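Residue-level structural notes
For reference, the chains in residue letters:
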Amino acid sequence: MYEGFRFRYLHAGVGFAADLRADAYETDGPPPPPAFLIHRSLYLRLPSKQTPYWLEAAWLAFGASLHAEQLVGGRALVLDVDAFTYPGGDFRAEIGALAIDGWIHRRSGLPRAAPR
């Protein structure tokens, strides 16, 4: 089931915001395209409704890779990102790493890898 996560940061008049909708599921084989391998058996599947900017994809993958060892545990896991948007915030692709880190923290209970 897809779950949403809202990342918000405001400091000194600069605001960063990102909304992420994602799901995680195990798979026995390779995931359907457009997914790519992040680490051993951890895959990231990007939104099919919108083509993300390459920097967004890179930062989403980086944020997920921070938890790769704890997430996979010998199984093949797909992080399926359904939507990733910047509602009313300044565009910074790096926010993708913070958003997926927060989503993983909430979904799996792993400690956050990024500062809050």
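A few points on the structure.

Procedures and definitions
Sequence order as written defines residue numbering, which begins from 1 separately in each chain. Confidence filtering applies because this is a predicted model: local features only for residues at pLDDT of at least 70, side-chain atom pairs given and counted only at 80 or more, and all residues used for totals across whole chains, interfaces and linings. Side-chain descriptors were evaluated using all non-hydrogen atoms of the structure, hydrogens and water having been removed beforehand. Strands are runs of DSSP state E lasting at least 2 residues, helices are runs of H or I lasting at least 4, and numbering of each runs from the N terminus. Radius of gyration: C-alpha atoms only; globule rule: 2.2 Å multiplied by the number of residues to the exponent 0.38. When checking whether two residues touch, look at their non-hydrogen atoms; a contact exists if any pair is within 4.5 Å. Values of accessible area rely on a 1.4 Å probe in the Shrake-Rupley scheme; residue burial ignores everything except the protein chains shown. Here a Phe, Tyr or Trp ring, Trp counted by its six-membered ring, pairs with any other such ring whose centre lies within 6.5 Å, and the pair is stacked when the planes are under 30 degrees apart, edge-to-face when over 60, and tilted otherwise. Any two strands between which DSSP finds at least two bridges are classified as paired. Inter-axis angles, ranging from 0 to 180 degrees, are taken between N-to-C directions of lines fitted to C-alpha atoms, where helices are fitted over the stretch in contact. Buried Ala, Val, Leu, Ile, Met, Phe, Trp, Tyr and Cys residues form a nonpolar core when they are joined through side-chain atoms within 4.5 Å. Buried, partly exposed and exposed residues are distinguished by accessible area as a fraction of the type maximum, computed with a 1.4 Å probe on protein chains only: under 20%, between the cut-offs, and over 50%, respectively.

For the protein, the helix and strand inventory stands at three helices and five strands. Taken from the N to the C terminus, the helices and strands of the protein come in the order β-β-β-β-α-α-β-α. Against the compact-globule benchmark of 13 Å for 116 residues, the protein has a radius of gyration of 14 Å, which places it among compact chains. When the backbone C-alpha atoms are referred to their principal axes, the protein occupies close to 45 × 30 × 25 Å. Sequence separation of 24 or more characterises 66% of the internal contacts of the protein that already satisfy a separation of 6 or more. Of the roughly 6400 Å² of accessible surface on the protein, a fraction of 56% belongs to carbon and sulfur atoms.

So, on to the packing of aromatic side chains. For any pair of aromatic rings, the description consists of the separation of the ring centres together with the inter-plane angle of the planes. Throughout the structure, instances matching the rule amount to four aromatic pairs. Here the aromatic rings of Tyr9 and Phe16 are separated by 6.5 Å at their centres, their planes lie at 20 degrees, and the arrangement is stacked. Consider the rings of Trp59 and Phe62, whose centres lie 5.6 Å apart with planes at 85 degrees: the pair is edge-to-face. Residue Trp59 and its partner Phe62 are located together in helix 1 (residues 54-65), separated by three residues, close to a single helical turn.

As paired elements, strand 1 (residues 3-11) and strand 2 (residues 14-26) share nine bridges and run antiparallel to each other. Residue pairing in the sheet places Arg6 in a bridge with Asp19 of strand 2. Sheet topology note: the strand 2/strand 5 (residues 77-85) ladder contains eight bridges and is antiparallel. Bridging across to strand 5, Glu26 finds its partner in Leu77.

Moving on, we get to the sheet that holds strand 1. Taken in spatial order, the five strands make up an open sheet running 1-2-5-4-3, and their pairing is mixed. Edge strands, defined here as strands with exactly one partner in the open sheet, are strand 1 and strand 3 (35-39). Geometrically, the sheet is characterised by an average inter-axis angle of 30 degrees between neighbouring strands, direction not taken into account. The strands touched by helix 3 (residues 95-108) within the sheet are strand 1, strand 2, strand 4 (42-45) and strand 5, with strand 2 carrying the most contacts at an inclination of about 50 degrees.

Before going further, it helps to spend a moment on the nonpolar core. Ranked by size, the top nonpolar core spans 29 residues in total, and within it Leu20, Leu44, Leu79, Phe84, Ile100 and Ile104 carry the most contacts. Those elements giving two or more residues to this core turn out to be strand 1, strand 2, strand 4, helix 1, helix 2 (68-72), strand 5 and helix 3. If you tally residues by element for this core, the top one is helix 3, at five residues.

Right, let's talk about the pairing of strand 3 for a bit. Examined bridge by bridge, strand 3 and strand 4 share four bridges and lie antiparallel to one another. Its bridge partner lying in strand 4, Leu37 is registered against Tyr43.

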